[in-house]
Amino acid sequence: MEAKRVCPFCRESVHPEAIKCRHCGEFLDGRPRTVAPNKDEEHLKLLMIGHYVLAAKSALMGSIPVIHLFLGLVFLLTGGGKSGPPAGVGVLFILIGLFAIAVGWTMAIAYFTAGRCLSRRSGYRKCRIAAGIGCLFVPFGTVMGILTFLALDRPGVRALFRD
């Protein structure tokens, strides 16, 4: 019967000529010990990227109602004629456009702020507020909000934040 040696990492018996432990996967020939990446850090980095992408998307989509502003101005300036809509329609278009732009850009700012807080590991509460508001914006905001809540509720992630 062959003599066995003990793995210094997991204390299991391994073959005397083994290079790598079959139980824990560590190298036994003097190579540096492998370090598993921190999943919490990796998840926060992915969330940060997702928040930045959603911020860009929200800013872009929030800029589309500029068309409503332009049409509202055209209706307002040319309104009252027999062939065009009344001036009140122009005001309505302007108000709807301004509201849609304000909502889109507010969400873009909220997502950008949450991404910034995730990258700096500060502003835990701001991240949760942005995730809650983001859940209202189906489908991408909802998915990002739920993933953010799931990640931020883990104790390891909470410990990474400074506040």
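Structural data are supplied above this passage.
As the structure is a prediction and not an experimental result, all values here were calculated from the model. Sequence order as written defines residue numbering, which begins from 1 separately in each chain. Reporting in this predicted model follows two pLDDT cut-offs: at least 70 for local features of residues, and 80 or more for side-chain atom pairs to be given and counted; totals over whole chains, interfaces and linings ignore these cut-offs and use all residues. As a rule here, side-chain values cover all heavy atoms of the structure and leave hydrogens and water aside.

S.K.: Mind laying out unusual backbone geometry, listing which residues take part and the relevant values?
M.R.: Leave glycine aside and you will find that most residues have negative phi; peptide bonds, for their part, are mostly trans. A cis geometry characterises the amide bond from V138 onward to P139, with omega recorded as -5°. Helix and strand definitions here come from DSSP, where helices need a minimum of 4 consecutive H or I residues and strands a minimum of 2 consecutive E residues; each element is numbered from the N-terminal end. Counting through the fold element by element, P139 comes out in the loop between α4 (124–134) and α5 (140–152). One non-glycine residue, R11, lies in the positive phi region at around 65°. The topology assignment puts R11 in the loop between β1 (5–6) and β2 (13–14). The phi dihedral of R121 is positive, around 60°, even though this residue is not glycine. Of note, R121 is situated in the loop between α3 (87–120) and α4.

S.K.: Would you mind going over helix α1 (residues 39–63) in detail, with residue names and values included?
M.R.: An α-helical turn contains 3.6 residues, so any two residues separated by three or four positions project in the same direction. Multiplying 1.5 Å by the helix residue count minus one yields the expected span of that helix. For α1, spanning 25 residues, the distance from its first C-alpha to its last is 36 Å, which sits close to the expected 36 Å at 1.5 Å a residue. Only protein chains enter the accessibility calculation, which uses a 1.4 Å probe. A residue is then buried if its area is under 20% of the maximum for its type, exposed if over 50%, and partly exposed in between. Within α1, burial applies to D40, L44, L47, M48, G50, H51, L54, A55, S58, A59 and G62. We call two residues contacting when some pair of their heavy atoms lies within 4.5 Å. Those residues of α1 that are buried lie in contact with α3, α5 and α6 (155–160).

S.K.: Which residues make up the layout of surface pockets, and what values do they have?
M.R.: Over the atoms rolls a probe the size of a water molecule, and in doing so it shows where empty space is left. The computed volume of the largest pocket comes to approximately 240 Å³. Residue lining of the largest pocket: 15 residues in total, with K57, S58, M61, G104 and F137 positioned closest to the centre. If you list the elements that add at least two residues to the lining of the largest pocket, you get α1, α3 and α5. Residue type decides the class: Asp, Glu, Lys and Arg count as charged, Ala, Val, Leu, Ile, Met, Phe, Trp, Tyr, Cys and Pro as nonpolar, and the leftover types, Gly among them, as polar. Broken down by class, the residue content of the lining of the largest pocket amounts to ten nonpolar, four polar and one charged. Here the term cavity refers to a set of points on a 1 Å grid, laid over the protein atoms alone, in which a 1.4 Å probe fits but cannot get out; the term pocket refers to an open set having protein on both sides within 12 Å along at least five of seven lines, with lining residues being those that place an atom within 4 Å of a point. Grid points are joined across faces, edges and corners, and a volume is the space filled by probe spheres set on the points.

S.K.: Just give me the short version of the packing of aromatic side chains, but keep the residues and values in it.
M.R.: Any two of the Phe, Tyr and Trp rings considered here, Trp counted by its six-membered ring, make a pair once their centres fall within 6.5 Å; the pair's planes then place it as stacked at under 30 degrees, edge-to-face at over 60, or tilted in between. One pass over the structure, following the stated rule, counts three aromatic pairs. When the ring of F75 is compared with that of F93, the centres are 5.3 Å apart and the planes differ by 80°; the resulting orientation is edge-to-face. On the criterion of sequence distance, the pair formed by F75 in helix α2 (residues 66–78) and F93 in helix α3 is long-range, its members being 18 residues apart. On the basis of relative accessibility, which here comes to 25%, the residue F93 falls in the partly exposed class. When the centroid spacing of 5.4 Å and the interplanar angle of 75° are considered together, the rings of Y124 and F161 count as edge-to-face. Linking Y124 in helix α4 with F161 in the segment after α6, this pair joins segments that are 37 residues apart in sequence. Sitting over a ring, as applied to charges here, requires NZ of Lys or CZ of Arg to be within 6 Å of the ring centre and within 35 degrees of the ring normal. In this structure, R158 packs its charged tip against the face of Y124, placed 4.0 Å from the ring centre.

S.K.: Could you give an account of the pattern of salt bridges, naming the residues involved and the relevant values?
M.R.: Salt bridges are defined by distance alone: a side-chain nitrogen of Lys or Arg within 4 Å of a carboxyl oxygen of Asp or Glu. Inspection of every chain in the model, using the stated rule, returns three salt bridges. In this structure, the salt-bridge partner of D40 is R154, at a minimum N-O distance of 2.8 Å. You can see D40 sitting in helix α1 and its partner R154 sitting in the loop between α5 and α6, a full 114 residues away along the chain. By relative accessible area, which is 15% here, D40 ends up buried. Note that R121 is salt-bridged to E41, the shortest N-O span being 2.7 Å. Here R121, found in the loop between α3 and α4, pairs with E41, found in helix α1; they are 80 residues apart in sequence, far enough to count as distant. Assessed through its relative accessible area of 32%, E41 is described here as partly exposed.

In short, shape yes, function no, at least from these values alone.
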